Amino acid sequence: MILVQPLFPGAPARMRRYPVIRHLDDIAHRVDPGRGVHLFTHGDVLVLRYLIALPNTFETELDLECRSLVFDRDSGDLLSRSLHKFFNLGEREGLADLPLEEGADLSLKIDGTMLSAFTAPARPGELRFHTKGGMTAHAARGLALAPLSVVALAHEAISEGGTPTFEWTSPENRVVIPYAETEFRLLAIRDRVTGAYLKEMADHLARKHGVARPGSLGRVTGIAETTEALTRLAERTDIEGAVLTFPDGHRVKWKTRDYHARHKVLANIEHERRVYQCWLEEIGDDTAASLGGERGRALIGFLEEIETAIAQACNEIAAELTPLTGLPPADRAAKVRDRFAGVRQSVAFSMLKGHEGRDAVRRLAAGRIGSEEGRASLKRELGLPSWTIDIQALR
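What comes next is a walk through the structure. (Residues numbered from 1 in each chain as written. Predicted model: local features only at pLDDT ≥ 70, side-chain atom pairs only at ≥ 80, totals over all residues. Heavy atoms only, no water.)

### Digging into the overall build of the chain
In terms of helices and strands, the chain carries 14 helices and 13 strands. Here the chain holds 395 residues, and 54% of them are scored as buried. Considering only contacts within the chain whose residues lie at least 6 apart along the sequence, 66% involve residues at least 24 apart. Accessible surface, the chain as shown: approximately 17300 Å² in total, 50% of it carbon and sulfur. (Helix = DSSP H or I, 4+ residues; strand = E, 2+ residues; numbered from the N terminus. Buried < 20%, exposed > 50% of the residue type's maximum accessible area, 1.4 Å probe, protein only. Contact = heavy atoms within 4.5 Å. Areas by Shrake-Rupley, 256 points an atom, 1.4 Å probe, with all protein chains shown as cover.)

Written as structure tokens, this is what we have:
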């Protein structure tokens, strides 16, 4: 189906204007773990991003910028402004809600990892990549594989006040669609301060440095023409889907039937293991949009329960660690071993080293969610919920 009803009708879906952001102070008031928006410390930078797309996560234009913003830890200055949060077709807008009379560019949606580039005062001139998750090992691997042309383009875009964002695909970086070679495509360049999408700069720098852009599928105008184009694409098996991009930078993504069928999480969402995998891979919003209706809302509600339980457990651990702050390291470690066991002990030691509690839980969960026994230990020791919903009984 292409003409679907929105999963969360009436919820904000697009930017009426891009908000000016220069400093953390301009957006810090939108950080609210209760709505799924967090601020993390990653070494010398701060990463502001949402973890889960709840119905009230994106209430304002500033919220739509909370996909992955990077700030300097010491000064609070904005360093990187990745693409704003945009939604699946049918998640917030159906075709009838889109300004298709203005026309939109239709391009291939690439099934890889989105990487945005920046430099920071702590390491002048050194190019760095981040994913939505921040300064991840995946981002570091992508940077290590980036050709000189991509590095040169990124440096030039940054010097012009922009944030370049690439999609990285390779045989070792497979999500669902296989790719035979490593490739980086320039998705967009945004003005770091105003948020404007600098299409002319992106096209120019891509040509200058020989960096590919996403494959163009032409331009569509009106509901009938767009429906016809998406219907043709729906049967393709070699692509993830397509992106509709409007003149003001507004975007809507859409995925093929084959992609949905091949995605193990979506195809097996009735199984608890796959639901926890959905949480771990942070694909809840895409999966919920694909499920639609009561099923999508049930999934979002369960993922919110997971995040709430983790936050509560981490707060409890932090409260017990506070009195240990002034102790010598050996005494502090002994106290942790006395007070905690199992999963909580591992999380406590990670938090003592300065790591975020949630990140510590995710690292542990990665090795446990695949087995029933592993999930049982997480649920027992951290209070995580069980997936008992009959998803097939919902509409």
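### Regarding the sheet that holds strand β13 (residues 251-255)
One open sheet holds the five strands; their spatial order is β5-β13-β12-β6-β11, and the pairing between them is mixed. Where the open sheet ends on each side, the last strands, each with one partner, are β5 (87-88) and β11 (216-220). In this structure, strand β12 (residues 241-245) lies alongside β13, joined through five bridges in antiparallel fashion. Residue leucine 244 lies in a different strand from β13, and its bridge partner there is valine 252. (Pairing = 2+ DSSP bridges.)

### Some words on the sheet that holds strand β3 (residues 69-72)
Across the sheet, which stays open at both edges, the four strands sit in the order β1-β2-β3-β4 with antiparallel pairing between neighbours. Here the strands that pair on one side only, and so sit at the sheet edges, are β1 (37-42) and β4 (78-81). Pairwise comparison of adjacent strand axes, ignoring direction, gives a mean angle of 20° for this sheet. Inspection of the sheet shows β3 paired to β4 by three bridges, in the antiparallel sense. Paired with valine 70 across the two strands is serine 80, which belongs to β4. (Axes fitted to C-alpha atoms, helices over the stretch in contact; angles between N-to-C directions.)

### Description of the pattern of salt bridges
According to the stated counting rule, one finds 26 salt bridges in the structure shown. Close ionic contact of arginine 185 with glutamate 183 constitutes a salt bridge, the shortest N to O distance being 3.5 Å. Exposure remark for arginine 185: the relative accessible area of 23% places this residue in the partly exposed category. You can call glutamate 183 partly exposed: its relative accessible area is 32%. Here glutamate 272 makes a salt bridge to arginine 375, at a shortest N to O gap of 2.9 Å. Here glutamate 272, found in helix α8 (residues 272-280), pairs with arginine 375, found in helix α14 (residues 372-382); they are 103 residues apart in sequence, far enough to count as distant. Accessibility assignment for this pair places glutamate 272 and arginine 375 in one class, buried. One salt-bridge network, held together by shared partners, links Arg30, Asp32, Arg35, Glu59 and Asp63. (Salt bridge = Lys/Arg side-chain N within 4 Å of Asp/Glu carboxyl O.)

### Points about the environment of cysteine 278
Tracing the backbone shows cysteine 278 in helix α8. Residue cysteine 278 is classed as buried on the basis of its relative accessible area of 0%. Here cysteine 278 is in contact with Val265, Ile283, Gly284, Thr287, Leu299 and Leu303, once residues within four sequence places are set aside.

### Quick word on the environment of leucine 382
Inspection of the secondary structure puts leucine 382 in helix α14. Apart from the residues within four sequence positions on either side, leucine 382 is in contact with Ala309, Ala313, Val343, Arg344, Val361 and Ser377.

### Quick word on unusual backbone geometry
Residue glutamate 282 is not a glycine yet carries a positive backbone phi of 55°. Tracing the backbone shows glutamate 282 in the loop between α8 and α9 (284-291).

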